[in-house]
Amino acid sequence: MFILLMSGAPVVSAPPHLVQALASRVAAWTPASVSRPAALLAALTDLGAHEVIGPAFIGYADSVAGPAEPATRPLTGDDAPWVEALKAACSPEEWEHGGSDIAGGTAVGVFVDGRLAALAGYEVWDGCIAHLAIVTAPAYRGRGLGRAAVGAAARAAVQRGLVAQYRTLDANAASVRIAHALGFVRFATSVSVRLA
């Protein structure tokens, strides 16, 4: 189940067999009530909910703030060993949320001391949205390298005529700060509910 908070009442997407059971509950939901994961999970456990992911920031930019970062460069297939080393340095969850495939030519990296320290890329959705991903090696976090990489990837996407999309959990304050620093404007907040 997916819940989108923009302005006013939450917009809910759910499997057809749950629509009737959810109708009266959704009518009483507010952005504040949906933004409390523990309470939302408790309210939906009887419908098979077992995990709530979010709330999450969804922001868009059609231009990227700040100067281009000279330390970044596009990644190619030759960089695959460096990408594998970065993947090994991150947890599987970190890689799942922020890792990028370099085969599509949309990934950029930041190297420090000969190692790939941060990787950002994007996937094109519906021919117009560049859905960004960013991951920084744990040993290099807090140095602005993630911001440099994702800023370069977002600029490349915008130069291609795409609208850059940045998504991150609201709980990841550092990532939300990166989004704001690059000029992403919150369009909505999302909450996902995993069902059994």
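Residues numbered from 1 in each chain as written. Predicted model: local features only at pLDDT ≥ 70, side-chain atom pairs only at ≥ 80, totals over all residues. Heavy atoms only, no water.

Topic: the nonpolar core
By size, the foremost hydrophobic cluster in this structure holds 40 residues, and its most contacted members are Leu86, Leu119, Leu132, Tyr166 and Phe184. If you list the elements that add at least two residues to this core, you get strand 3 (49-61), helix 4 (80-89), strand 5 (108-112), strand 6 (115-125), strand 7 (129-136), helix 6 (145-159), strand 8 (163-169) and helix 7 (173-181). At 8 residues, helix 6 tops the list of elements feeding residues into this core. Every residue in contact with Leu86, bar those within four places of it in the chain, is listed here: Trp95, Leu116, Ala117, Ala118, Leu119, Val135, Thr136 and Ala137. Within the second largest apolar cluster, 14 residues are counted, among which are Trp29, Leu40, Leu44 and Leu47. (Core = buried A, V, L, I, M, F, W, Y, C linked by side-chain atoms within 4.5 Å. Buried < 20%, exposed > 50% of the residue type's maximum accessible area, 1.4 Å probe, protein only. Helix = DSSP H or I, 4+ residues; strand = E, 2+ residues; numbered from the N terminus. Contact = heavy atoms within 4.5 Å.)

Quick word on the side chain of Ser100
Looking at where Ser100 falls in the secondary structure, it is placed in the loop between helix 5 (92-98) and strand 5. Ser100 sits in the buried class, given a relative accessible area of 12%. Among the polar contacts made by the side chain of Ser100, one reaches the main-chain amide nitrogen of Gly121 at a distance of 3.2 Å. (Polar contact = N/O pair within 3.5 Å; in protein donor to acceptor, adjacent residues only side chain to side chain.)

Focus on the packing of aromatic side chains
Under the criterion given, the structure shown has 4 aromatic pairs. Between Tyr166 and Phe184, the aromatic rings sit 5.4 Å apart at their centres with planes inclined by 50 degrees, giving tilted as the arrangement. Taken together, the positions of Tyr166 in strand 8 and Phe184 in the loop between helix 7 and strand 9 (185-195) put the pair 18 residues apart, joining distant regions of the chain. Here Tyr166 and Phe184 have matching classes, each one buried. An aromatic cluster is present here, built from Phe57, Tyr166 and Phe184 joined pairwise through their rings. (Phe/Tyr/Trp six-rings, centres within 6.5 Å; stacked < 30°, edge-to-face > 60°.)

Here we look at the sheet that holds strand 5
Across the sheet, which stays open at both edges, the 9 strands sit in the order 2-1-9-3-8-7-6-5-4 with mixed pairing between neighbours. Two strands close off the open sheet at either side, each with one partner strand: strand 2 (11-13) and strand 4 (72-74). Recorded for the sheet is a direction-independent mean angle of 25 degrees between the axes of neighbouring strands. Note: strand 1 (residues 2-5) against strand 2, 3 bridges, orientation antiparallel. Bridge pairing in strand 2 links Ile3 to Val12. (Pairing = 2+ DSSP bridges. Axes fitted to C-alpha atoms, helices over the stretch in contact; angles between N-to-C directions.)

A short note on the domain arrangement of the chain
Looking at the chain, the domain boundaries give domain 1 (2-57) and domain 2 (60-187). The C-alpha-based centres of domain 1 and domain 2 are spaced at 30 Å. Opposite the 7 residues of domain 1 that make contact, domain 2 presents 12 residues. With both chains or domains summed, domain 1 and domain 2 bury close to 750 Å², and 68% of this area falls on carbon and sulfur atoms. Three residues, Met6, Pro55 and Phe57, lead the burial of domain 1 against domain 2; their summed loss comes to 78% of the area buried on that side. Seen at the junction of domain 1 and domain 2, the total is 0 salt bridges. On inspection of domain 1 and its partner domain 2, the count reaches 3 residue pairs in polar contact (both at pLDDT 80 or more). Among the elements that make up the side of domain 1 that touches domain 2, the one with the highest residue count is strand 3 (5 residues). Residue composition of the side of domain 1 that touches domain 2, grouped by class: 6 nonpolar, 1 polar and no charged. (Domains from an automatic or database assignment. Buried area = accessible area lost by both parts, 1.4 Å probe. Salt bridge = Lys/Arg side-chain N within 4 Å of Asp/Glu carboxyl O. Nonpolar A, V, L, I, M, F, W, Y, C, P; charged D, E, K, R; others polar.)

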